[in-house]
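One-letter residues, chain by chain:
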Amino acid sequence: MKIMFALPNKGRIYEPVMKLLERAGLKITAKSRSLFANTVDENIKVMFARARDIPEFVADGIADIGITGYDLILERGVEDRVEFLLDLNFGYAKLVIAAPEDSGIEKVDDIKDGMKIATEFPNITRKFFEKLNKKVEIIELTGATEIAPFIGVADLISDLTSTGTTLRLNRLKVIEEILTSTTRLIANKNSLNNKYKKEKINKIVLAIKSALYAEKKRLIMMNAPKDKIDEIKKIIPGLAGPTVSEVLSDDNIVAVHAVVDEDEIFNLVPKLHALGARDILIVPIERIL
Ligand SMILES: Nc1ncnc2c1ncn2[C@@H]1O[C@H](COP(=O)(O)OP(=O)(O)OP(=O)(O)O)[C@@H](O)[C@H]1O
Ligand SMILES: O=P(O)(O)OC[C@H]1O[C@H](OP(=O)(O)OP(=O)(O)O)[C@H](O)[C@@H]1O
Ligand SMILES: [Mg+2]
């Protein structure tokens, strides 16, 4: 029995998804006809689709698992029909309501019934205004939404913003945040009820999890004076404390290695150096299980 894994074929999250899978050891081989691909595991097949279509494919069981944006899952309205397995913590964007800087619209209360709002997210946006009991007109666009207020197509937009550059360049200001989105690993619920498929899916989850975890960690290795080892142990947080091993050529020196947070390295290295540690190596880690 095979697992079908749906991945974005292009767009913002294509590159980070490919890199993550490679780090997770789930390498994609033999990309045939560009829509399908094999992986290093002959029972895990990949299909490439638009990120926007992946929620539906996973909900319907066309794919057993998939990677796509949280925003796109909500827009399709399939959030109750899929299982959320992992937050991959990239593809960060906020869906916001924005208005032209000089529009006089400062807050949601300033939005009047009958105003037009352009968006690539008609369903989420409609629901948002329904909750507020406002009768706005939704204008569905498929991209470059930012232009809509300036060509008379809409009064406002509901669009994604990440760095804020696009909004700023187009002289638009945020009125309200609707949701925050990141990239997610999701699964079909029936697939998780199938013992064989569940086992395979768990393998994928573990592999991706270990790669995500390793991303923020570094392996630090050094030679240190034996008599300073207690002090060194105190300052190295490490996963399970450092490993200390003998250096054959020198009785007074020990080799130390430990896994530490990437963010700790900057402050840690000078302290280790001051304690006499030398040949300090900082190495990226591919996976931690
Ligand atoms: N500026 C951004 N920064 C980070 N993530 C983003 C940004 N814009 C969109 N995303 C996220 O990327 C995912 C896919 O969106 P994207 O727009 O890349 O897909 P697409 O519409 O298939 O590609 P394209 O826009 O190139 O046609 C969505 O879940 C979205 O939230
Ligand atoms: O806040 P920023 O970092 O500037 O990013 C926001 C922009 O990114 C997305 O567009 P994308 O590049 O996907 O183009 P699209 O509008 O054609 O989908 C989004 O729709 C915004 O336009
Ligand atoms: Mg886009």
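Please read all numbers here as calculations on a predicted model, not as lab measurements.

## Examining the site of ligand 2
Working step 1: Lining the immediate environment of ligand 2, one finds 13 residues, of which Arg12, Glu146, Ser162, Thr163 and Thr166 sit closest.
Working step 2: At 2.8 Å, a backbone N or O of glycine 164 approaches an oxygen atom of ligand 2.
Working step 3: Broken down by secondary-structure element, the contributors of at least two residues to the shell around ligand 2 are β10 (156-161) and α5 (165-169).
Working step 4: Counting residues per element, the shell around ligand 2 draws most heavily on β10, which supplies three residues.

## Some points on the domain arrangement of the chain
Working step 1: According to the domain assignment, the chain consists of domain 1 (3-91 + 182-214), domain 2 (93-180) and domain 3 (217-284).
Working step 2: The centre of domain 2, based on its C-alpha atoms, is set 52 Å off from the matching centre of domain 3.

## As for the pattern of salt bridges
Working step 1: Summed over all chains, the structure comprises 13 salt bridges.
Working step 2: We note a salt bridge from aspartate 53 to arginine 76, for which the minimum N-O separation is 3.7 Å. Residue aspartate 53 is located in the loop between β4 (44-49) and α2 (54-60), and its partner arginine 76 is located in helix α3 (residues 70-76); the two are separated by 23 residues in the primary sequence.
Working step 3: Using a relative accessible area of 28% as the deciding quantity, one classes aspartate 53 as partly exposed.
Working step 4: Under the relative-accessibility criterion, arginine 76 is labelled partly exposed at 38%.

## Considerations on the environment of leucine 281
Working step 1: Turning to its location among the elements, leucine 281 is positioned in strand β16 (residues 278-284).
Working step 2: Placed 120 residues apart in sequence, leucine 281 and threonine 161 show a C-alpha to C-alpha distance of 39 Å.
Working step 3: Among residues more than four places away in sequence, those in contact with leucine 281 are Leu219, Ile220 and Met221.

Conventions and cut-offs
- Residues numbered from 1 in each chain as written.
- Chains lettered and ligands numbered in written order.
- Predicted model: local features only at pLDDT ≥ 70, side-chain atom pairs only at ≥ 80, totals over all residues.
- Heavy atoms only, no water.
- Near = heavy atom within 4 Å.
- Polar contact = N/O pair within 3.5 Å; in protein donor to acceptor, adjacent residues only side chain to side chain.
- Helix = DSSP H or I, 4+ residues; strand = E, 2+ residues; numbered from the N terminus.
- Domains from an automatic or database assignment.
- Salt bridge = Lys/Arg side-chain N within 4 Å of Asp/Glu carboxyl O.
- Buried < 20%, exposed > 50% of the residue type's maximum accessible area, 1.4 Å probe, protein only.
- Contact = heavy atoms within 4.5 Å.

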